[in-house]
Amino acid sequence: MKYLLTVLCGILLLASCDKDNNVPSGELLDKTVILYITGDNDLSSNAVDNITALTEGSAGLGEKNKIVVFADTCNKKPMKLVISNGMVETQEEYESEFYMTSPTMMKTLLTSAMNDYKAKSYGLILWGHSTGWLVEKDTIKTRGYGYDNNGGGTAMTRIWINYPSIASTLESLPSKFDFIIGDCCLLQCAEVAYELRKCTDYIIGSPSETPAFGIPYKEIVPYLFGSSTDSYLKIADAITDHTKYVEGTKYNTPSSVIKTSGMDTLATATKKVIEQGLLPSPLYTTKAIYYFKYGGMNIMYDMNNIFATNVDATAYNEWKKAFDAAVVYKKPSKRWMTSYNWDGDFTVTDDNYGGMSMYFPMGHYDKMTTYKPNENIKTTQWYKAAGIDQYAY
């Protein structure tokens, strides 16, 4: 989910031209970046501003870098745009509505972008709502990433796609992504990163809720097409600083960069701590950083913060090596925009902020009715890989 939810549905009004792909047939592009907008919901009116900013930022990209946008917004059939060099090269509307959150449709669209704009490397931006790994029992309402209303409707017609389904879909594509950026809430959690570890080399986003106005597309375009890890760090910086620029110095959006090749080692290190009985029960969570609250209960605690305050120094320092190899960059914030009030609950510092959340089973979560986290965590790959199945709470 994104904070500051809007209710007006925008219509894409971008000037376009009939300019074909100018790269010679058979020659690979340097990079194709795909922006996937599931905006047939209350975020719709922000889509046009983000696409406009992305288009403006693309000036000077050259013919060998392309941005492919798939966008579904309110009162509009899904459309595809191809952007480069400061303009929309092509724009086409699909003949009928469909669910952008359908695994089959997601695979079809992403595969078409990779086939039509073959490149040496690819990037993906997921735009929309997100509840991270948290899901609901009802198959229609099951959360994760989305949601899509398929041309409007009620809450009962909202379709989400969970991250295991996204991972399965992305793993079936012709190519792996260099990066996945989340212009959505709660992406930077261990459970999601572990699911996506085979789909992408890096994940960039926020462990917290994020503003509806989105990330600074115009500013980050050069870094989307960068060739080094440093580009991803600059994207994280821009995500954090953009909220301060729009909303004032009171707010920042925390961010991080996760290197997915480190997730298996982190799972092993976490499992070791749990198997050795070094993670206590009940956990000490007073003043602990958390990124979400539901039904009055704090959830999605900062992983590093919990281990630092609950595990003895020797074991923590050993575990931290694995954590730092997975979370290679973090940009903290002392205050971010949320749908709840946490004034005074905790204080964020450079040392205690880890930039990635983890779910820790606790008895009071059994009282949750919409989400059943103590049960649903079992559906994640992280559950057994990290030894949570052996954690007695």
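Residues numbered from 1 in each chain as written. Predicted model: local features only at pLDDT ≥ 70, side-chain atom pairs only at ≥ 80, totals over all residues. Heavy atoms only, no water.

Trainee: I would appreciate a short explanation of the sheet that holds strand β15 (residues 297-302) in the present structure.
Mentor: Strand-to-strand pairing in sheets goes through backbone hydrogen bonds, with the strands running parallel or antiparallel. Across the sheet, which stays open at both edges, the three strands sit in the order β14-β15-β17 with antiparallel pairing between neighbours. Looking at which strands have only one partner, the edges of the open sheet turn out to be β14 (290-294) and β17 (357-358). For β14 and β15, the ladder comprises four bridges, and the chain directions are antiparallel. If you follow Y290 over to β15, its bridge partner there is Y301. (Pairing = 2+ DSSP bridges. Helix = DSSP H or I, 4+ residues; strand = E, 2+ residues; numbered from the N terminus.)

Trainee: Any chance you could explain unusual backbone geometry here in plain terms?
Mentor: Both trends apply: most residues other than glycine have a negative phi, and most peptide bonds are in trans. The residue after G146, namely Y147, is reached through a cis peptide bond having omega -20°. Within the element layout of this structure, Y147 appears in strand β8 (residues 145-148). At the junction of S281 and P282, the peptide bond is cis and its omega measures out at 5° in the coordinates. On the secondary structure map, P282 appears in the loop between α7 (263-275) and β14. Positive phi outside glycine occurs at L186, with the angle close to 60°. Mapped onto the elements, L186 comes out in the loop between β10 (177-183) and α4 (190-195).

Trainee: When you look at the nonpolar core in this model, what are you seeing that I'm missing?
Mentor: Within soluble globular proteins, side chains that are nonpolar generally end up buried alongside one another. Counting residues in hydrophobic clusters, the biggest one holds 90 residues, and the most contacted among them are Y36, L170, M263, L266, M303, M356 and W382. Discounting residues that sit within four places of it in the chain, M303 has contacts with A190, L266, T270, W319, F323, M356, S357, M358 and W382. (Core = buried A, V, L, I, M, F, W, Y, C linked by side-chain atoms within 4.5 Å. Buried < 20%, exposed > 50% of the residue type's maximum accessible area, 1.4 Å probe, protein only. Contact = heavy atoms within 4.5 Å.)

Trainee: How should I be thinking about the packing of aromatic side chains in this particular structure?
Mentor: The geometry of an aromatic ring pair is captured by two quantities: the separation of the ring centres and the angle between the planes. Tallied over the entire structure, the rule returns 20 aromatic pairs. Between Y290 and Y340, the aromatic rings sit 6.0 Å apart at their centres with planes inclined by 25°, giving stacked as the arrangement. Of this pair, Y290 sits in strand β14 while Y340 sits in the loop between β16 (327-331) and β17, and the two are 50 residues apart along the sequence. There is no split in this pair, since Y290 and Y340 are both buried. Three or more aromatic residues joined by ring pairs form one cluster here, namely Y290, Y291, Y301, W336, Y340, W342 and F346. Across from the ring centre of Y194, 3.7 Å away, lies the NZ or CZ of R197, which sits over that ring. (Phe/Tyr/Trp six-rings, centres within 6.5 Å; stacked < 30°, edge-to-face > 60°. Lys NZ or Arg CZ within 6 Å of the ring centre and 35° of its normal.)

Trainee: Sorry, what's going on with the pairing of strand β3 (residues 65-73) here?
Mentor: Working note: regular strand, side chains alternate between the two faces of the sheet. Burial of β3 is extensive: nine of the nine residues sit out of reach of the surface. Burial along β3 is two-sided: the face carrying N65, I67, V69, A71 and T73 and the face carrying K66, V68, F70 and D72 are both buried. By the bridge criterion, nine bridges tie strand β2 (residues 29-39) to β3 in an arrangement that is parallel. Bridge pairing links G39 to T73 in β3. For the crossover from β2 across helix α1 (residues 47-57) to β3, the handedness is right-handed. Looking at chain direction, β3 and strand β4 (residues 79-84) are connected through five bridges and run antiparallel. Across the sheet, residue I67 finds its bridge partner in β4, namely I83. What sits between β3 and β4 in their antiparallel hairpin is a turn of five residues, with N75 showing a positive phi close to 60°. (Right-handed = clockwise from strand over helix to strand, strands pointing away.)

Trainee: Mind showing me how you'd approach the packing of helix α8 (residues 303-310) against helix α9 (residues 313-326) here?
Mentor: In a pair of packed helices, the angle between the axes and the distance between the axes together describe the arrangement. For the pair α8 and α9, interaxial distance at closest approach is 10 Å and the crossing angle is 165°. Relative to α9, the element α8 lies roughly antiparallel. Crossing of α8 against α9: the hand is left-handed. Every residue of α9 that contacts α8 at M303, N304, F307 and A308 is listed here: Y316, W319, K320 and F323. (Axes fitted to C-alpha atoms, helices over the stretch in contact; angles between N-to-C directions. Parallel < 35°, antiparallel > 145°, perpendicular 65-115°, else oblique. Left-handed = near helix turned anticlockwise from the far one by under 90°.)

Trainee: How should I be thinking about the sheet that holds strand β7 (residues 129-130) in this particular structure?
Mentor: Read across the sheet, three strands follow the order β7-β8-β9 without closing on themselves; strand pairing throughout is antiparallel. For this open sheet the edge positions go to β7 and β9 (159-161), each flanked by a neighbour on one side alone. Sheet topology places β7 next to β8; two bridges connect them, and they run antiparallel. Opposite H129, over in β8, you have G146 as the bridge partner. Running at roughly 65° to β9, helix α3 (residues 163-171) makes contact with β7, β8 and β9 of the sheet.

Trainee: I would appreciate a short explanation of the pattern of salt bridges in the present structure.
Mentor: It is possible for side chains of opposite charge to pair when their charged atoms get near one another. Tallied over the full model, the rule gives 18 salt bridges. In this structure, K66 and E63 form a salt bridge, with 3.3 Å as the shortest nitrogen-oxygen distance. Here D201 ties to K176 by a salt bridge, and the two come within 3.1 Å at their closest N and O atoms. Remark: K176 occurs in the loop between α3 and β10 and D201 occurs in strand β11 (residues 200-205); sequence separation between them is 25 residues. (Salt bridge = Lys/Arg side-chain N within 4 Å of Asp/Glu carboxyl O.)

Trainee: How should the environment of T369 be read in this particular structure?
Mentor: Along the chain, T369 turns up in the loop between β17 and α10 (373-376). Overall, the relative accessible area of 67% leaves T369 in the exposed class. Once the C-alpha coordinates of T369 and G295 are considered, the two residues, 74 residues apart in sequence, prove to be 8.9 Å apart.

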